[in-house]
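This is what each chain is made of:
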Amino acid sequence: MKLATLKDGSRDGQLVVVSRDLTLAHYATGIASRLQQVLDDWGFMSPQLQDLYDALNHGRARHAFPFDPAQCMAPLPRAYQWADGSAYLNHVELVRQARNAEVPESFYTDPLMYQGGSDDFLGPVDDVIVPSEAMGIDFEAEIAVVTGDVKMGSTPEQALDGIRLVMLANDVSLRNLIPAELAKGFGFFQSKPATAFSPVAVTLDELGEAWQDGRVHLALQSSWNGRKVGLCDAGPEMTFHFGQLIAHIAKTRNVRAGSIVGSGTVSNKGVEKNGRMEWPKGYSCIAEKRCIETIQDGAPATDFMKFGDTIRIEMKGLDGRSLFGAIDQEIVSTAGRPVEAPVSLTKPQAGTDTGTAPEPAAEG
């Protein structure tokens, strides 16, 4: 089934069930009003939501209405935990190679993870609001899972059984703040503002054969300012699967229902072509593109995002249809969008020169 949360003026929104083709929705009123309620009592509530989902897909839901992603909050608008990994070691290798550094051996056996803010997620079409372009604004196209309860000490296989939902994420990063933060030895903080998630979160059965061994074997598409820059395979090159990431968290503590775990930037290896390394599947973050440019040409050439830039992140299923809906955001200053001066529509009076267009009216 597919679940979303619609904006209603509250912090947690209203839970809705969404049709498989993402065209219709139905409030889950009478079953649960919030997704966290469902995660807390999954065994009892999820079968009821599944019945509503089946009715919606077969045209039997009496109060269905058109689904509008613009009205969505994140599927889980705030969570008990947001832990993001770096499960695609190719991404780490590129970053290290670009600065002529080796990847420590432990990185191949012990996942890299950080704990981000989980009190204020963004909806799929909410603006990404940033104080300054000088902070190095970057998108990161990722996959994320939402868990049920996972006991401390769980194995990766046991942790896989705790996955309830899958969704997409844009783990917004402010790259120029990262070096100083890491130099302090305490990890990311201001460099990781609010994360955005896809319109819907889906149960594993919606992925069909694409879900294998704790990985999503589908391509993740990223389009920056309307230009496709990444079509990266999310499955084969995921070094640590989601069960391993969750088990890493659970090594010393319980993981509670409503925890969100991210994959990190989806990344694919390059291929050698005519004696030069190329990355035909593109990139899922600008930082990786800059690393590729450094490896190829000695220096980065691509700037980070500017105010007014847009990013769209989407994944299509084996049937070619959008699985989660799209994250589709614009980068906006804390001062807001620039106000365009309105064009005067006043008709010229008789006898006036109309050889030139009227000047736009001055903004008050």
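Residues numbered from 1 in each chain as written. Predicted model: local features only at pLDDT ≥ 70, side-chain atom pairs only at ≥ 80, totals over all residues. Heavy atoms only, no water.

A. Focus on the confidence of the model for the protein. Mean pLDDT over the protein: 92, with 93% of residues reaching 70 or higher. Note on residues 344-364: pLDDT is under 50 here. Beyond four places in sequence and across chains, it has 12 contacts. (pLDDT = per-residue confidence, 0-100. Contact = heavy atoms within 4.5 Å.)

B. Local environment of the pairing of strand E6 (residues 113-116). Of the two faces of E6, only one is covered, namely that formed by Tyr114 and Gly116; the face formed by Met113 and Gln115 stays uncovered. In this structure, strand E5 (residues 81-85) lies alongside E6, joined through 4 bridges in antiparallel fashion. By the bridge assignment for E6, Trp82 is matched with Gly116. (Buried < 20%, exposed > 50% of the residue type's maximum accessible area, 1.4 Å probe, protein only. Helix = DSSP H or I, 4+ residues; strand = E, 2+ residues; numbered from the N terminus. Pairing = 2+ DSSP bridges.)

C. Structural view of the pattern of salt bridges. A full pass over the atoms with the stated rule returns 16 salt bridges. Of the charged contacts, one joins Arg337 and Asp127 as a salt bridge, the two residues approaching to 2.8 Å between their closest N and O atoms. With Arg337 in the segment after strand E22 (327-333) and Asp127 in the loop between E6 and strand E7 (128-130), this pair connects stretches of sequence that are 210 residues apart. By relative accessible area, Arg337 is classed as partly exposed at 44%. Take Asp127: its relative accessible area is 21%, and that puts it in the partly exposed class. One salt-bridge network, held together by shared partners, links Asp138, Glu140, Asp171, Arg175 and Lys192. (Salt bridge = Lys/Arg side-chain N within 4 Å of Asp/Glu carboxyl O.)

D. Region of the structure containing unusual backbone geometry. At Leu22, a residue that is not glycine, the phi angle is positive and equals roughly 65°. For Leu22, a relative accessible area of 14% puts it in the buried group. For Asp213, which is not a glycine, the phi torsion comes out positive at approximately 55°. The residue Asp213 is located in the loop between strand E14 (211-212) and strand E15 (215-216) in this model.

E. Region of the structure containing the UniProt feature "domain: Fumarylacetoacetase-like C-terminal" (unreviewed entry) in the protein. Cross-referencing UniProt, the feature "domain: Fumarylacetoacetase-like C-terminal" (unreviewed entry) maps to residues 82-318 in the present numbering. When the span residues 82-318 is considered, its composition is 17% helix and 28% strand, and the gap between its end C-alpha atoms is 28 Å. (UniProt positions renumbered as here; feature names shortened; annotations may be inferred.)

F. Looking closely at the environment of Ala74. Mapped onto the secondary structure, Ala74 falls in the loop between strand E4 (65-66) and E5. Through-space distance from the C-alpha of Ala74 to that of Lys7 is 9.4 Å; in sequence the pair is 67 residues apart. Every residue in contact with Ala74, bar those within four places of it in the chain, is listed here: Thr5, Phe121, Leu122, Gly123 and Phe197.

G. Summary view of the packing of aromatic side chains. The full count for this structure, using the stated rule, is 5 aromatic pairs. Arranged with centres 5.1 Å apart and planes meeting at 35°, the rings of Tyr27 and Phe65 form a pair that is tilted. Here Tyr27 is found in strand E3 (residues 24-27), whereas its partner Phe65 is found in strand E4, with 38 residues between them in sequence. Look at Tyr27 and you get partly exposed, because its relative accessible area is 36%. For the ring pair Trp82 and Phe197, a centre distance of 5.5 Å and an interplane angle of 85° mean the geometry is edge-to-face. One end of the pair, Trp82, is in strand E5; the other, Phe197, is in strand E12 (residues 196-197), with 115 residues separating them in the sequence. Since its relative accessible area comes to 1%, Trp82 is described here as buried. Taken together, the ring pairs connect Trp82, Phe121 and Phe197 into an aromatic cluster. Across from the ring centre of Phe188, 5.1 Å away, lies the NZ or CZ of Lys192, which sits over that ring. (Phe/Tyr/Trp six-rings, centres within 6.5 Å; stacked < 30°, edge-to-face > 60°. Lys NZ or Arg CZ within 6 Å of the ring centre and 35° of its normal.)

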